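# Results of the structural survey
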Amino acid sequence: MASFLDKLEKPCHVVGSIAELCHEIAAGAGAAIVTEEAFRGNSIDLLQPVLSRQPSWSDFPLLILVAGGRVTAESERLRTLRQPLGNVLLLERPLRPEILVSTLDMALRGRARQYQIRDQMQQFERAQEALRRSEKLAVTGRLAASIAHEINNPLEALTNLLYLVRTETHSEEAQRYLMEAEQELARVAEITKHTLRFYREPNQPTQVDLVEVVDSVLALYHSRLVAAKIVVEKEVRVSSLSILASPGELRQVIANIVGNALDAMRHGGILRLRLSVTTRNGNPKARLSIADTGHGIPPEILSTIFEPFITTKGETGTGLGLWVSDEIAKKNGWSMQVYSCTRMSRSGTVFSILMPT
Ligand SMILES: Nc1ncnc2c1ncn2[C@@H]1O[C@H](COP(=O)(O)OP(=O)(O)O)[C@@H](O)[C@H]1O
Ligand SMILES: [Mg+2]
């Protein structure tokens, strides 16, 4: 029979026992043809659990070749035995080849359909997961905006109070501390303002000077750069470089990348920012590359870093920074590239963004 099926280009494996058949089912067989004699003894007890444990989309087709002729005690016993096997098609011997072929075709088509249903179920689950994630994200965004809003009022009060104290204090040391406190407070105010703006503003694009935005991001991270003993090397090959973009979005992308670079260089390192102009397909483009000498991105997550919720920072990471940056980049027609190396002696990461000028 195997050679007959082979001739019809229906690849088949011949197995010698029910145990082997169970293996083939697990390995993805489309259908099985079994003689009823194969169920002598307790071999049916092996097959039954395999078939009853099938996932909801699966109903494995079993073609059983039964002896023709009269009903006997043995044929009755076998009939009761195979009842729990589910999707069973009985074929009486002697069997006409065309009946075998058409029954087998029907079984295989049914099985292919089951696989289609499985794929659709998986697709549906993935879509639901994506939906859950984007809902979670929207909630996170709203939460961030409302926290920023709530923080704004006490911040203003604090700023005013600090100012009043400063005008009342004459000790030089106290004056210095108060100045520092005011600067830190101004930074917090700046962050809340940006968070609010990101969620409120439709973000109209204007001509933005890239050098200025880079500088404002460096100013934002000033104390972290100093604390981690990070050397900043800025290389700007043009006097000014304007692009049409929303300053808030541009700043957010650069701040996310620089923030990650700082996270990767907790014990010092070099942060290189390079701004240049190149031509792509005849069009001038601004290129900003941000390179660090940190620990690098683990190769196993490198291909997924732009997906939401991918983080190696445990509780402190959100895994949203690069995803948001990528969304912003896509929206604006920028392209982002990343190179990273985790090898001890020369580990580091480079992000570069190409933007139409
Ligand atoms: N410059 C970098 N150096 C090393 N790893 C990085 C760098 N930038 C990104 N990564 C990796 O990509 C992950 C995702 O980054 P991101 O989307 O900003 O989320 P988060 O910073 O909250 O973890 C980080 O957790 C980190 O593992
Ligand atoms: Mg980040």
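The name recorded for the chain in an unreviewed UniProt entry is histidine kinase, from Bryocella elongata. Reading the Catalytic activity (unreviewed entry) entry of the UniProt record for the chain gives the comment "ATP + protein L-histidine = ADP + protein N-phospho-L-histidine."

## Regarding a nonpolar patch on the surface
On the surface, L143, I147, I151 and V188 cluster together to form a nonpolar patch covering roughly 310 Å² of accessible area. With three residues, helix α5 (residues 97-168) is the single largest residue contributor to the nonpolar patch. Residue position: I147 is located in helix α5. I147 sits in the partly exposed class, given a relative accessible area of 42%.

## Concerning the domain arrangement of the chain
As assigned here, the chain comprises domain 1 (2-95), domain 2 (130-200) and domain 3 (206-356). The distance between the C-alpha centroids of domain 1 and domain 3 comes to 61 Å.

## Topic: the sheet that holds strand β3 (residues 88-92)
Ordered by their spatial adjacency, three strands build an open sheet running β1-β2-β3, and the pairing between neighbours is parallel. Where the open sheet ends on each side, the last strands, each with one partner, are β1 (32-35) and β3. On average, each strand axis in the sheet is inclined to that of its neighbour by 25°, with strand direction left out of account. By the bridge criterion, four bridges tie β1 to strand β2 (residues 62-66) in an arrangement that is parallel. For A32, the partnering residue across the bridge sits in β2 and is L62.

## Some remarks on the site of ligand 1
Contacts to ligand 1 come from 21 residues, most closely from N260, T311, T312, K313 and T318. Within the side chain of N260, one N or O atom sits 2.8 Å away from an oxygen atom of ligand 1. Its free accessible area being 530 Å², ligand 1 has 96% of it covered by the protein chains. Put simply, the parts of the chain that give the shell around ligand 1 at least two residues each are α9 (247-264), α11 (321-332) and β10 (348-356). Of all the elements, α9 adds the most residues to the shell around ligand 1, at three residues. In terms of residue class, the shell around ligand 1 is built from nine nonpolar, ten polar and two charged.

## With respect to the layout of surface pockets
There is about 760 Å³ of room inside the second largest pocket. If you trace the second largest pocket, you find 27 residues lining it, with C12, H13, V14, A32 and I33 closest to the centre. At the level of secondary structure, the elements contributing two or more residues to the lining of the second largest pocket comprise α1 (2-7), α2 (18-26), β1 and α5. Of the residues forming the lining of the second largest pocket, the biggest block, four residues, is contributed by β1. For the lining of the second largest pocket, the residue count by class is 19 nonpolar, six polar and two charged.

## Considering the packing of helix α7 (residues 210-220) against α9
For the pair α7 and α9, interaxial distance at closest approach is 10 Å and the crossing angle is 50°. In terms of orientation, α7 and α9 fall into the oblique class. In this structure, α7 crosses over α9, and the sense of that crossing is right-handed. Taken together, the residues of α9 that come into contact with α7 (itself represented by L210, V213, V214, S216, V217 and L220) are L250, R251, I254, A255 and V258. Here the contact of α7 with α9 is composed, by residue class, of nine nonpolar, one polar and one charged.

## Here's the deal with the pattern of salt bridges
When their charged atoms lie close together, side chains carrying opposite charge are able to pair. Using the criterion set out here, one finds 16 salt bridges in the structure. What emerges from the salt-bridge pattern is a single network uniting R224, D263, R266 and K313.

## A short note on the packing of aromatic side chains
What describes a pair of aromatic rings is the distance from one ring centre to the other and the angle between the planes of the rings. Under the counting rule described, the total for this entry stands at two aromatic pairs. Ring centres of W57 and Y115 lie 5.4 Å apart, and the angle between their planes is 45°; on these two criteria the pair is classed as tilted. One end of the pair, W57, is in the loop between α3 (44-52) and β2; the other, Y115, is in helix α5, with 58 residues separating them in the sequence. Classification of W57 as buried rests on a relative accessible area of 19%.

## Re the environment of D59
Along the chain, the position of D59 falls in the loop between α3 and β2. Relative accessible area serves as the criterion here: at 36%, D59 is assigned to the partly exposed category. Remark: the alpha-carbon pair of D59 and V338, spanning 279 residues in sequence, is separated by 46 Å. When residues no more than four places from it in sequence are discounted, the contact partners of D59 are Q54, N87, R111 and Q114.

## Description of the nonpolar core
If you look at the biggest cluster of nonpolar residues, it comprises 45 residues, and the most contacted ones within it are L210, L250, I254, V258, L271 and W334. Sorting the residues of this core by element identifies α7, β6 (242-245), α9, β7 (269-280), β8 (283-292), α11, β9 (335-341) and β10 as the ones contributing at least two each. By residue number, the principal contributor to this core is α9, which donates eight residues. With sequence-adjacent residues up to four places away left out, V258 is seen in contact with V217, Y221, L271, L273 and I290. Among the nonpolar cores identified, the runner-up in size contains 17 residues, and I18, V34, L62 and L78 belong to it.

Cut-offs used in this document
Residues numbered from 1 in each chain as written. Chains lettered and ligands numbered in written order. Predicted model: local features only at pLDDT ≥ 70, side-chain atom pairs only at ≥ 80, totals over all residues. Heavy atoms only, no water. UniProt positions renumbered as here; feature names shortened; annotations may be inferred. Patch = residues over 30% accessible without salt bridge, like charges linked within 9 Å, V, L, I, M, F, W, Y side chains within 5 Å. Areas by Shrake-Rupley, 256 points an atom, 1.4 Å probe, with all protein chains shown as cover. Salt bridge = Lys/Arg side-chain N within 4 Å of Asp/Glu carboxyl O. Helix = DSSP H or I, 4+ residues; strand = E, 2+ residues; numbered from the N terminus. Buried < 20%, exposed > 50% of the residue type's maximum accessible area, 1.4 Å probe, protein only. Domains from an automatic or database assignment. Pairing = 2+ DSSP bridges. Axes fitted to C-alpha atoms, helices over the stretch in contact; angles between N-to-C directions. Near = heavy atom within 4 Å. Polar contact = N/O pair within 3.5 Å; in protein donor to acceptor, adjacent residues only side chain to side chain. Nonpolar A, V, L, I, M, F, W, Y, C, P; charged D, E, K, R; others polar. 1 Å grid on protein atoms, 1.4 Å probe; cavity = no way out; pocket = protein on both sides within 12 Å on 5 of 7 lines; lining within 4 Å. Points joined across faces, edges and corners; volume = space filled by probe spheres on them. Parallel < 35°, antiparallel > 145°, perpendicular 65-115°, else oblique. Left-handed = near helix turned anticlockwise from the far one by under 90°. Contact = heavy atoms within 4.5 Å. Phe/Tyr/Trp six-rings, centres within 6.5 Å; stacked < 30°, edge-to-face > 60°. Core = buried A, V, L, I, M, F, W, Y, C linked by side-chain atoms within 4.5 Å.

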